[in-house]
Amino acid sequence: MTQNSSLARLALPLWTCQDRIWTIQGLECEITLEPRPHYCDRGNWIAKLFPVGTLAEDIDYADGWPRYYFDVDRAKAECWAWLEKRRQIAA
């Protein structure tokens, strides 16, 4: 079995992009990365969390959503790390 076929069997969530909005699906959530207007000084991208189920009951203001980022690749990496930490990626 090749490494690529092993990775394919894991069914990891992937980022998709439509109309400049990046989206990734967790087990009980969806995260979007949306571009912000050029004049915004908090960051060029805003990450929004849309939880459901048990995760929705567990999320509060201390979790820090929405989140702001200047770099889309860094935003994707941070959101991916959050999904892993919150066990939102299928094993």
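It should be noted that the structure appears before, not after, this text.
Residues numbered from 1 in each chain as written. Predicted model: local features only at pLDDT ≥ 70, side-chain atom pairs only at ≥ 80, totals over all residues. Heavy atoms only, no water.

Enquirer: How should the nonpolar core be read in this particular structure?
Expert: It is characteristic of soluble globular proteins that their nonpolar side chains tend to be buried jointly. Counting 17 residues, the largest nonpolar core has Ile31, Leu33, Trp65, Cys79, Trp82 and Leu83 as its most contacted members. Of all the secondary structure elements, the ones that give two or more residues to this core are strand 3 (29-35), strand 4 (45-51) and helix 3 (72-85). In terms of residues, this core owes the most to one element, helix 3, which gives five residues. For Leu83, the contacting residues outside a window of four places in its chain are Ile24, Gly26, Cys29, Ile31, Gln88 and Ile89. (Core = buried A, V, L, I, M, F, W, Y, C linked by side-chain atoms within 4.5 Å. Buried < 20%, exposed > 50% of the residue type's maximum accessible area, 1.4 Å probe, protein only. Helix = DSSP H or I, 4+ residues; strand = E, 2+ residues; numbered from the N terminus. Contact = heavy atoms within 4.5 Å.)

Enquirer: I keep staring at the sheet that holds strand 5 (residues 67-69) and nothing clicks. Help me out?
Expert: Where strands meet in a sheet, backbone hydrogen bonds hold them as pairs that are either parallel or antiparallel. Within the open sheet, the five strands sit side by side as 1-2-3-4-5. Their pairing is antiparallel. This sheet does not close on itself; its edge strands, each paired only once, are strand 1 (16-18) and strand 5. With direction set aside, neighbouring strand axes in the sheet form an average angle of 25°. Summarising the sheet, strand 2 (residues 21-25) and strand 3 pair through four bridges and their orientation is antiparallel. Opposite Trp22, over in strand 3, you have Leu33 as the bridge partner. (Pairing = 2+ DSSP bridges. Axes fitted to C-alpha atoms, helices over the stretch in contact; angles between N-to-C directions.)

Enquirer: Explain helix 3 to me, please; I cannot follow it from the model alone.
Expert: Since one α-helical turn is 3.6 residues long, residues separated by three or four positions face the same way. For helix 3, which comprises 14 residues, the first-to-last C-alpha distance of 20 Å matches the rise-based estimate of 20 Å (1.5 Å per residue) to within 8%. Turning to helix 3, its buried residues number three or more, namely Val72, Ala75, Lys76, Cys79, Trp82 and Leu83. In a view along the axis of helix 3, the buried residues occupy a sector of 125°, so they form one face of it. Across helix 3 from its buried face, at more than 90 degrees, point the exposed residues Asp73, Arg74 and Lys85. The backbone nitrogen of Asp73 has a side-chain oxygen 3.1 Å away, supplied by the residue at the start of helix 3, namely Asp71. (Expected span 1.5 Å × (residues − 1). Arc of directions from axis to C-beta. Polar contact = N/O pair within 3.5 Å; in protein donor to acceptor, adjacent residues only side chain to side chain.)

Enquirer: Got a minute to help me understand the pattern of salt bridges in this structure?
Expert: Side chains that differ in charge, positive against negative, can pair when their charged atoms come close. Inspection of the entire model under this criterion finds three salt bridges. Where Asp58 meets Arg86, a salt bridge forms, and the shortest distance between an N and an O atom there is 2.3 Å. Note that Asp58 is positioned in helix 2 (residues 53-58) and Arg86 in the segment after helix 3, a separation of 28 residues in sequence. Under the relative-accessibility criterion, Asp58 is labelled partly exposed at 47%. (Salt bridge = Lys/Arg side-chain N within 4 Å of Asp/Glu carboxyl O.)

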